[in-house]
Every structure is written in structure tokens, then in C-alpha cells.
Amino acid sequence: MGRVEGKVALVTGGASGLGAADSAALAREGAKVVVTDVNLVSAQAVAQSIGGGAIALALDVSSEEQWIGVIAEIEKQFGGLHVLVNNAGVVLNADVEDTSLEKFRWVNSIMTDGVFLGMKHAIPLMNKSGGGSIINMSSVGALLGYPIYFAYSAAKGAVRSMTKSVAVMAQVKGYKIRCNSVHPGAIETPMVQQAEGRPGQVQEIPAGVLPHGTPGHPDDVAALVVFLASDESRFITGAELVIDNGVTIRPF
Ligand code: NAD
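Residues numbered from 1 in each chain as written. Predicted model: local features only at pLDDT ≥ 70, side-chain atom pairs only at ≥ 80, totals over all residues. Heavy atoms only, no water.

J.: Looking at this structure, how should I read the site of the ligand?
T.: With respect to spatial proximity, 28 residues lie near the ligand, and among them S16, D37, Y152, I187 and T189 are the closest. Within the contact set of the ligand, an oxygen atom lies 2.7 Å away from a backbone nitrogen or oxygen of L18. The separation between an oxygen atom of the ligand and a polar side-chain atom of D37 is 2.6 Å. The fraction of the free accessible surface of the ligand (830 Å²) that becomes covered by protein chains is 91%. At the level of secondary structure, the elements contributing two or more residues to the shell around the ligand comprise α1 (17-28), α5 (150-172) and α6 (190-195). Sorting elements by how many residues they give to the shell around the ligand places α6 first, with three residues. The class makeup of the residues in the shell around the ligand is 16 nonpolar, nine polar and three charged. (Near = heavy atom within 4 Å. Polar contact = N/O pair within 3.5 Å; in protein donor to acceptor, adjacent residues only side chain to side chain. Areas by Shrake-Rupley, 256 points an atom, 1.4 Å probe, with all protein chains shown as cover. Helix = DSSP H or I, 4+ residues; strand = E, 2+ residues; numbered from the N terminus. Nonpolar A, V, L, I, M, F, W, Y, C, P; charged D, E, K, R; others polar.)

J.: What's the story with the packing of helix α3 (residues 64-78) against helix α4 (residues 101-128) in this structure? I'm lost.
T.: Any two packed helices are characterised by the angle at which their axes cross and by the distance between the axes. Where α3 contacts α4, the axes come no closer than 10 Å and their chain directions differ by 25 degrees. As the angle between them shows, α3 and α4 are arranged roughly parallel. Crossing angle aside, the handedness with which α3 passes α4 is right-handed. Together, E64, W67, I68, I71, I74 and E75 of α3 and G114, L117, G118, K120, H121, A122, L125 and K128 of α4 make up the contact between the two elements. Class assignment of the residues belonging to the contact of α3 with α4 gives a composition of seven nonpolar, three polar and four charged. (Axes fitted to C-alpha atoms, helices over the stretch in contact; angles between N-to-C directions. Parallel < 35°, antiparallel > 145°, perpendicular 65-115°, else oblique. Left-handed = near helix turned anticlockwise from the far one by under 90°. Contact = heavy atoms within 4.5 Å.)

J.: Would you mind showing me how to read helix α7 (residues 218-229) here?
T.: Along an α-helix, a turn takes 3.6 residues, which lines up residues three or four apart on a common side. Given a rise of 1.5 Å per residue, twelve residues ought to cover 16 Å, and the 16 Å separating the end C-alpha atoms of α7 matches this to within 8%. For α7, the set of buried residues is P218, V221, A222, L224, V225, V226, L228 and A229. If you follow the buried residues of α7, they end up packed against α1, β4 (83-86), β5 (132-137), β6 (177-184) and β7 (240-243). (Expected span 1.5 Å × (residues − 1). Buried < 20%, exposed > 50% of the residue type's maximum accessible area, 1.4 Å probe, protein only.)

J.: What's the story with the sheet that holds strand β3 (residues 55-58) in this structure? I'm lost.
T.: Two modes of strand pairing occur in sheets, parallel and antiparallel, and in both the strands are linked by backbone hydrogen bonds. Across the sheet, seven strands lie side by side as β3-β2-β1-β4-β5-β6-β7; this open sheet has parallel pairing. In this open sheet, the two edge strands, each paired with only one partner strand, are β3 and β7. For this sheet, the mean inter-axis angle between neighbouring strands, taken without regard to orientation, is 20 degrees. (Pairing = 2+ DSSP bridges.)

Below, the structure written as C-alpha cells:
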């Protein structure tokens, strides 16, 4: 308990799946959580259910204007910001031949532009607050050839490299800000259910160590997010933390 006590945390895409689990775990460990999402009604439901003074704000991460407004609102309501979880995302099942330029730009407007804008506009307030931790949700798609998620993987690759540039920049400029990327494999969320063509289906996740091929639980990722948000991870920056039950280390 209290591993992120006294910190203010902003989570994007916090209305569902990993973002909702991250928000709940951060609140349980003492953070004041700002649950943001393009879907405000669901973000409000999450903020209400997790308690701990959490609030919900509307934020379409592809809008620079909305980022500026949300950061200003957080400064007004909480006086600072210490943790940014750039989690919002969308998936598109299409290989390079089937991806239109319009769809490619749409995916990247949310996951590449969204992460860029989040870091750009949060860093000044994080600096004013004494520093903090940026956690960018990438994917195993940034590390593998992933033909059926072409635009998605391109965006997640950009998230991976932007993370490292920001981590180094922060050190060069003497900021007390760490920046890491998280790379989940299949975790059972609405996004994965939709991508696999079984929306709304609830899959039982057994307890204990999971055999290869079973999906993980959003709380598995949330545990890593809390660790990266907390000062326990103070010596970790610019890292890519894979959380996939060993999927990417298999030779075939
Ligand atoms: P999800 O669909 O359950 O949640 C995504 C959330 O993002 C939703 O609440 C949605 O409303 C929100 N969102 C979509 N567009 C937005 C926008 N423009 N602005 C703000 N919010 C927006 O999906 P999830 O599985 O929880 O995914 C969360 C993140 O984790 C994504 O970035 C995803 O790519 C990444 N990820 C997930 C998995 C997995 O196995 N679930 C694996 C690798 C990476």
C-alpha cells in the first residue's frame, strides 16, 4: 500500500482494458488518478469505481488543443503531475497492402501523435512538480514482424523509439523524469477480443503461472505500471519492458 502515495497520475485511454486496470492499481497504491478517455462516460464510471479522489476528464489524445486543456486543468485541480501513462490505443487488422493512407494516418494520429503530444505537454508540468515517470504503452508489435497489424506495429515502433529519445533528453537536460515503454503480448481486453473477432466474450484466466498461449490479465500489466510509476524503479529509464509470458523469445 502507498507505493505511489502523494503522486498525481494521468492515464490516457483509462475507460477500458489496460487503462482502467492501471488507473485502479495506481489509486489503490495512493495516487490521485486522472482517468482520461475519448469516452468520457466510461472514464467517469472508472474514476467513480476506483475512488481515492480520482477524477475523469475527456481527452482525445490526437488533439493538441485537448492535451493543453487537460494539463492546465490538472495543474489547477491538483497543482502538479508526476506520472503519465500514455495508454490510449486502437487496433487495425490489415497488412501493408490492405492499409489505406487514411487508416494509416488515423492509427498513427492516436498512438504516435498521441504519445508525442502527451509527453510534449506533460513534461513542463512534471518538471514544475519535481519530476516523475512517463510510461508509454507500446506492444510486442514494436519488436516483431506483425504483418496483420501493419499500421499498429508502425505506431508502436514509434512509441518505442520516442521513449528512448525522451529518456536520454531528460538526463541530458537534467530533468528528474524517467521514460520507459511497456510491451504487452496478448492480454485479455476488449481490444484483443475485437481484434480476434470475439467481442464481449469473457475468458477465464487461471491463477498462477500461465502456460504458453494463454492470455494475460490487465492486472498483470497494471502491476508493472505501478512499479514504473513508483520510486522503486528509479534506476530504470529508456527501457523496453516486455510482458508477454515469453512469446517474443521463442525461435518459432
Ligand atoms: P481497449 O480497447 O480496452 O482500451 C483502449 C482505450 O483507448 C479505450 O478506452 C478507448 O476509448 C481509448 N481510446 C481510443 N482512441 C482514443 C483517443 N483518440 N483518445 C483517447 N482515448 C482513446 O484496449 P487495451 O487492450 O486496454 O489497450 C490499451 C493499450 O495497450 C493500447 O495502446 C494497446 O495498443 C496496448 N496494448 C494492448 C495489448 C493487449 O494485449 N491488450 C497488447 C499490446 C499493447
